[in-house]
Amino acid sequence: QPTEIKIGVAFEPPALDPTAGAAEAIDVVVYQNVFEGLVRIDKDGAVQPGLAESWTVSDDGLNYSFKLHDGVTFHDGSAFDAEDVKFTFDRILAEDSVNAQKALYAPIASVEVVDPLTVDITLSRPDGLFLFNIGRGDAVIVAPESADNNATDPIGTGPFAFVQWDRGSRVILEQYGPYWGDKPALTRASFVFIGDTGAMTNALLAGDIDGTNNFAAEALPVFEGNPQFKVLVGLTEGETILATNNRKAPFDNLLVRQAMAHALDREEIIEGATYGYGAPIGTHFAPQNPDYLDLTGTYPHDVEKAKALLAEAGYPDGFSATLKLPPVAYARLSGQIIASQFAEVGIKLELVNAEFAQWLEDVFANKDFDLTIISHVEPFDIGIYANPDYYFGYDNPEFQALNETLTATTDAAERTKLVQQMQTIIAEDAVNGYLFELAQTGVWNAKLEGMWPNSPVEGVVLRDIHWTE
Amino acid sequence: MALVEIENLSISFGGRPAVRGLSLNIERGDRFGIIGESGSGKSLTALAITGLLPETAKVSGQVRFDGAPLPSNEREMARLRGKHIGMVFQEPMTALNPLMTIGDQIGEAGTLADIATDIDGLLQEVGLLPPHGARFPHELSGGQRQRAMIAMALASQPELMIADEPTSALDAITQRKVLDLIGDICERRRMTLIFISHDIRAVAALCTKVAVMRAGEIVEQGSINAVLQSPKAEYTQLLLAASRMERRPRSAQAREALLTVDAVSRDYGHGGFWLWRQKPVRAVDRVSFSLGRGESVALVGPSGCGKSTLARMIVGLDSATEGQFRLDGTLYHGRDLPPLLRAGVSLVFQDPFSSFDPRMTVGTSLGEPLRLLGQMTREERERRLVEAIASVGLDPVMLSRYAHEFSGGQRQRLAIARAMVTKPRLLVLDEPVSALDVSVRGDVLNLLARLQEEHGLTYLIISHDLDMVAAMADRVLVMEAGRIIEQGRPNDLFARPQHELTRALMAARLPDVV
Amino acid sequence: MLLASAAVIFLLLDLLPGDPARFILGINASPDAVAALRLQMGLDAPALERFLQWLGGMLGGDFGMSVTQRLPVAQLIVERLAVTLPLTILAMLISMIVGLPLGILAARRRGKPADTALMVLAQTGVAVPNFWFGMLLTLVFAVTLRWLPTGGFVPWHEDWIGSLRSLVLPSLALALPQASILARVMRTALVDVMGQDFIRTARAKGMTMDEAIWRHGVRNALLPVLTILGLQFAYLVAGTIIVENVFFLPGLGRLIFNAVTERDLILVRGATMVLVVVVTATMLITDLTYAWVDPRLRVRA
Amino acid sequence: MSWRHNPGLVGGLIAIIIFAALGLTSLWWTPYPIQAISVADRFQPLGPEHWLGTDHLGRDLLSMVMHGILTSLLVAASGVVIGIGVGVPMGLAAVAWGGWVEWLVLRLSDLAFAFPALIVAILIATLHGPGELNAIIAIGIFNIPVFARVARGGALAIATQDYVAAARLAGLGNAAIAARHLLPNIASLIIVQGTIQLSLGILAEAALSYVGIGTQAPETSLGLMLRDVQGVFLIHPWLSVLPGLTIVFLVIALNIAGDGLRDAIDPRLRRQGMNHGAG
Ligand SMILES: Nc1ncnc2c1ncn2[C@@H]1O[C@H](COP(=O)(O)OP(=O)(O)OP(=O)(O)O)[C@@H](O)[C@H]1O
Ligand SMILES: Nc1ncnc2c1ncn2[C@@H]1O[C@H](COP(=O)(O)OP(=O)(O)OP(=O)(O)O)[C@@H](O)[C@H]1O
Ligand SMILES: [Mg+2]
Ligand SMILES: [Mg+2]
């Protein structure tokens, strides 16, 4: 029975330190494999004990006390203790921190070492997502001795230790013998970087790789009827939206945004861009989340209605706008389809394809765009609508107030109510065009088990993967 | 039995006959000359004997070598060539493999004929030194290369040597030496020779028998004396007539100077980059002379002695490194020749084929120099062109034709017309007839003489053809390695050459036929 | 020459829009994190100073640190060259081994069916885009027959046979158009040489046409071929960018390609410079070889 | 030479004219508008409704190929125009003026040669974003030294001809000589080289679009069509085969016409054999 696996991934990480870069590709390789956090997000997105075997929360939700596992070592042999935890969070919060999600950890007021196996974290305000956030790749625990070299030589506490990185081709991990938890079934795993779909298809067919966590939907039919392979269809946390610059005319006009919402034919977009694998969404929320509200019927596809709304808004002949597209297949495809759909109601879109860095600069830094398409892969990120400086520039005091209340609320039922209210507001305001939840379509060797179908956080977690027979 | 028997040989290319029903017998020990104008099929005949005709040629008739028909098997034919026939071709520049040393190429010829070759001996026999064997072809002069070719042809100790215009690419002195060498060797080795040439005097000097070819047929053949003394065919008579040149009577009064050349030098830098630059070559070295109005002066000298360079400076195509010219009282150094004076000097080029832009009508080409005279009305222009072309004896209708629609002789006339269009006083002629067939040379020279008389022109004629010089010039300048080494009236100079070079030039003249 | 190239590269790249720091940190990064990273990467110094630093560093073999990969650029480039150079050389060899004999054959059979067939083949070979040919090759030899890997690369020191195997298909894909061009050039050159006087001389000495071509023709015909070979090496190096993408090989081309999309200026600069040096060096080597083969070009002592 | 003796030239030209006509027609008429997306109709096989089938977005392939040919030809031709427009004057100037002008031209073309076209394209793509213009500039820059060299080589041979000296004697300046005598006499060389560069340009455009820095949707080109469907190669091979074969035939037609032209214009040019691989 084999104990090795080769996994194809589309993007090569620029570096391997998940605490100093946003690239999803970093987490794909190291999250929960090489590095672990205090808590662990499981395959359903729930928070489970990780390096902290248990914790207690004060009633006001401001004090967390973590009890750490004993006998944990880093891959370089050094021991893990509370000092490492303090170092990790201090490093995230430091002035010169380069952590991409620094803002998520802003509520942390202090981290205190009580004893080698106990850490207290104090928040400045209650944060309903705090536990989830410290389970993300951005907050994995690193050691002061090795933290600076993690970009090229990652040292963590996970079940797999980093062995080598053949740049441009693969990263190899090997089971870490002294791992504190349950021994994984795999002894060795390689992540092989294969950028294009054709090549990935060939590699799978030829057996050069054993699977891939997210394969282009267009080519799935190759594997669907093939007994040697299994196709795992799930969802990511990515809400794909037609992001709209709400600051700019004519998009500051609700009627125009409603007209655009009516002009979108979600079914066709999902079929054309994701081959039917994406899940329709009517608001900025993941449909697999229990708090999700189906609002896809808010503005059904209706060309006449859209034209009428446009006329009412003062654009009887439509208008022209640009649609800036980042270099990802779902965006480029959706863009073409949306341009064709908008043309029917008189909105002429000029497609502008940009490289990622350029796109980030234009859209996020300079907010110089009309429309764009992007998938927001951060889990539970409806809060971005409360930030008027965010790139799409939605400024609604009512929504902002609700968000304040939400962060301070820890009661589950209350949170559900608030969250659903927020979903409804942005859906009705048609802040952005809500298209679909990005699917995750993995293709694996039929004899492999234990892969996560969904992706509640970014990462290919090797822990449970094993060969059968 | 004859060594080579050709019976009713016909060669054609794509239906177009090149050689027609040719029959020849070449006996052992003959020195057989084939002459005829360009394209008459001389080379093809020679190639037919060696089985080297191009694949596209269609051949009929029979060639027998030493009594046996030529083998049809390629390998056998090749070995026959290798063992029994030696060949020397016209172009010494391209007939040798540029990537192999001379010695290796000679050695190879011996090996192919299974003969142990004494390369040094062969080199010495053709007048080269053993160290030459280690050189590459580009490191030898044209004459030396031709000698190497001969050595190569001799390496297999052949019975028959075929020399296809072996000297027409060489200068007069070298030409003579090579011809003598071939003669000597045939004598010494008792080799049969087939010698192809269009120069009847070369054939006369070397051969015992001759065949005259025209348009693929033999018009006359026989022993050399018989053919030369009593030519039967009209074409042979024509060839003979053209090879003689009459001397024109010239008046010899002293004249006022039109052009003065004053200690002019020209250096050519030789490649390289600043520091690595090689020593410059002095192509023209402190040359001084003057041309009188209405005078014809000839400039003679071996190839590369600087004649063309001097001519280019006089007409303003190039500038002198040192020294100056004075034309009609105006000083200049070359390119700084002012436009109006430029109109007063013209140059006629050697090669009539490259001196007209193939994409322009002759009229346009002829009209170009008129811009030197400033603005001109259409009619005036037209009149000038018609006048010029008429003066060289051509029809003004031809002005709208293109250069390729003319024969070589006509083109040279056009070149002269172009030179005349600005009504110059000085005409520099750089080898004006050496590229022309013998038969048209006389016409062009006559034209030049007529124009000189009609327009009172001054000529500077560059040539290495002493006979032509003698016929045309009032005065001769002899040049060597950039310097004028001797000058004088042709009769005096030819009768009593002072300088060694002049003597060599004189000696290299082939004897007149008859 | 190289200095001019360096200046061109630097000028072009310094004008590039897009901020590497923002790219690394992604869409939700806070402005001060971006600023901190910029400072850390030294992106704030004036351009001229950075240029001189870069030049100075390169002379000493120090190409700077890659901003996204946090590794010395020199090391990255050397790793990648270990794939790209063998790939190019292999492709070059294949195209020579295939192209030259076919060219000679076609020249010998000029005008005959074999010649026509070969030249039709060569025309097609030049016309097939190499990435497309690569796709077809993988389909046949890797996916269907499973003789060779579909792509990827094993480092040399681990399993050099495996490494070589991974290079076979990509170098075939690269070599096809080049082999076709070589065959055509070789044919033209040889046909040309065959018409030259020294071939006739050789035949007059007693050689058959084949012997003459073999002993005198081929070597002379190789001269123009040599010039083309030099150019081809340059094109091959560039062509690797595409083929490396099709076969996911970790080569220099893909390094540059990715570095550009990630705005890793220092890396792009260094790698482009190395590429230019390689190309220039090839040209130089071609010239030297030319002079060595052709005595006419040898400098006289 | 009569063109009747040159079947390659005739065949090649006819093929090119057909291709060009198909491409030009697409300017005002295609069976279906090329930007009309209809996901419901995707991956249709060949049939009466869509003669060559439809692609992954339900677009009519015949329309796409027609338009793709136009784009490919336009990009390649613009690249050639740039190459000729800049390279030929450079080459002519080098010959007519000589000296430091020649030195400069040679060094500049060395510099351009040292940057492979693809690298130039990648750099430009990052500057201006991907697109046809980017491909045109990259191919153009790649063409410049090629034409400069061909022009210089041809003009050098012409410059030694006596008629150029005659023109100088007639008082023509460098520029006039370059324009009146050099340029017309190397025109045929340039045309032949132009055909070759055109075919290389088509391959280069395909390669650039394939790696994503050439033509961008909603425009289309043959290379982009290949890129779009590379993932479904195994499921719908026809989608790759069609544009791929179109490229092959287009390039073959151009090459054959180029060879034929070369033979027709001047058999002696055959030896020049300037032939470069695709970048
Ligand atoms: N390979 C060939 N293909 C077609 N025609 C040819 C070929 N070789 C020679 N000819 C033609 O055959 C005729 C005779 O050629 P040949 O070379 O024998 O002339 P020649 O008398 O040696 O002339 P020259 O004095 O110029 O050398 C010419 O009209 C020439 O055009
Ligand atoms: N452009 C040049 N650069 C360098 N050297 C030159 C150049 N032109 C001529 N020379 C050299 O100057 C010398 C004289 O050349 P020139 O052409 O004047 O000779 P020529 O007497 O006309 O010879 P020919 O009878 O062969 O025409 C030769 O040694 C030649 O190599
Ligand atoms: Mg001849
Ligand atoms: Mg001369």
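Keep in mind that what you see is a predicted model, and the values were worked out from it rather than measured. (Residues numbered from 1 in each chain as written. Chains lettered and ligands numbered in written order. Predicted model: local features only at pLDDT ≥ 70, side-chain atom pairs only at ≥ 80, totals over all residues. Heavy atoms only, no water.)

A separate point is the sheet that holds strand 9 (residues 209-214) of chain B. Residues and elements named next belong to chain B. Pairing within the open sheet is mixed, and its six strands lie in the order 6-7-8-3-9-10. Only two strands of the sheet have a single neighbouring strand rather than two, namely strand 6 (85-88) and strand 10 (217-223). Taken over all neighbouring pairs, the strand axes of this sheet differ in orientation by 15° on average, direction set aside. Across five bridges, strand 7 (residues 160-164) lies against strand 8 (residues 192-197) in parallel orientation. Bridge pairing in strand 8 places A163 opposite F195. Contacting strand 6 and strand 7, helix 2 (residues 74-84) crosses the sheet at an angle of about 80° to strand 6. (Pairing = 2+ DSSP bridges. Helix = DSSP H or I, 4+ residues; strand = E, 2+ residues; numbered from the N terminus. Axes fitted to C-alpha atoms, helices over the stretch in contact; angles between N-to-C directions. Contact = heavy atoms within 4.5 Å.)

Residues and elements named next belong to chain B. Spatial ordering of the open sheet is given by 2-1-4-5, a layout of four strands whose pairing is antiparallel. Two strands close off the open sheet at either side, each with one partner strand: strand 2 (16-26) and strand 5 (68-69). Taken together, the eight bridges between strand 1 (residues 4-13) and strand 4 (residues 57-65) define a ladder with antiparallel strand orientation. Bridge pairing links I11 to V59 in strand 4.

With that settled, consider the domain arrangement of chain B. Residues and elements named next belong to chain B. Structurally, chain B comprises domain 1 (4-243) and domain 2 (257-344 + 424-508). Computed over C-alpha atoms, the centres of domain 1 and domain 2 are 36 Å apart. Each partner contributes to the interface: domain 1 provides nine residues, whereas domain 2 provides 11 residues. Taken over both partners, the interface formed by domain 1 and domain 2 buries close to 810 Å², and the fraction arising from carbon and sulfur atoms is 66%. At the junction of domain 1 with domain 2, the criterion picks out zero salt bridges. Counting residues per element, the ones that place at least two in the side of domain 1 that touches domain 2 are helix 6 (172-189) and helix 9 (234-243). Residue contributions to the side of domain 1 that touches domain 2 peak at three residues, all from helix 6. Residue classes in the side of domain 1 that touches domain 2 are distributed as four nonpolar, one polar and four charged. (Domains from an automatic or database assignment. Buried area = accessible area lost by both parts, 1.4 Å probe. Salt bridge = Lys/Arg side-chain N within 4 Å of Asp/Glu carboxyl O. Nonpolar A, V, L, I, M, F, W, Y, C, P; charged D, E, K, R; others polar.)

Moving on to the UniProt feature "transmembrane region" (unreviewed entry) in chain C. Residues and elements named next belong to chain C. The feature "transmembrane region" (unreviewed entry), as annotated in UniProt, sits at residues 81-106, 118-147, 167-186, 221-247 and 267-293 in this numbering. Spanning residues 81-106, this segment combines 100% helix with 0% strand, and its end C-alpha atoms are found 36 Å apart. Spanning residues 118-147, this segment combines 83% helix with 0% strand, and its end C-alpha atoms are found 27 Å apart. (UniProt positions renumbered as here; feature names shortened; annotations may be inferred.)

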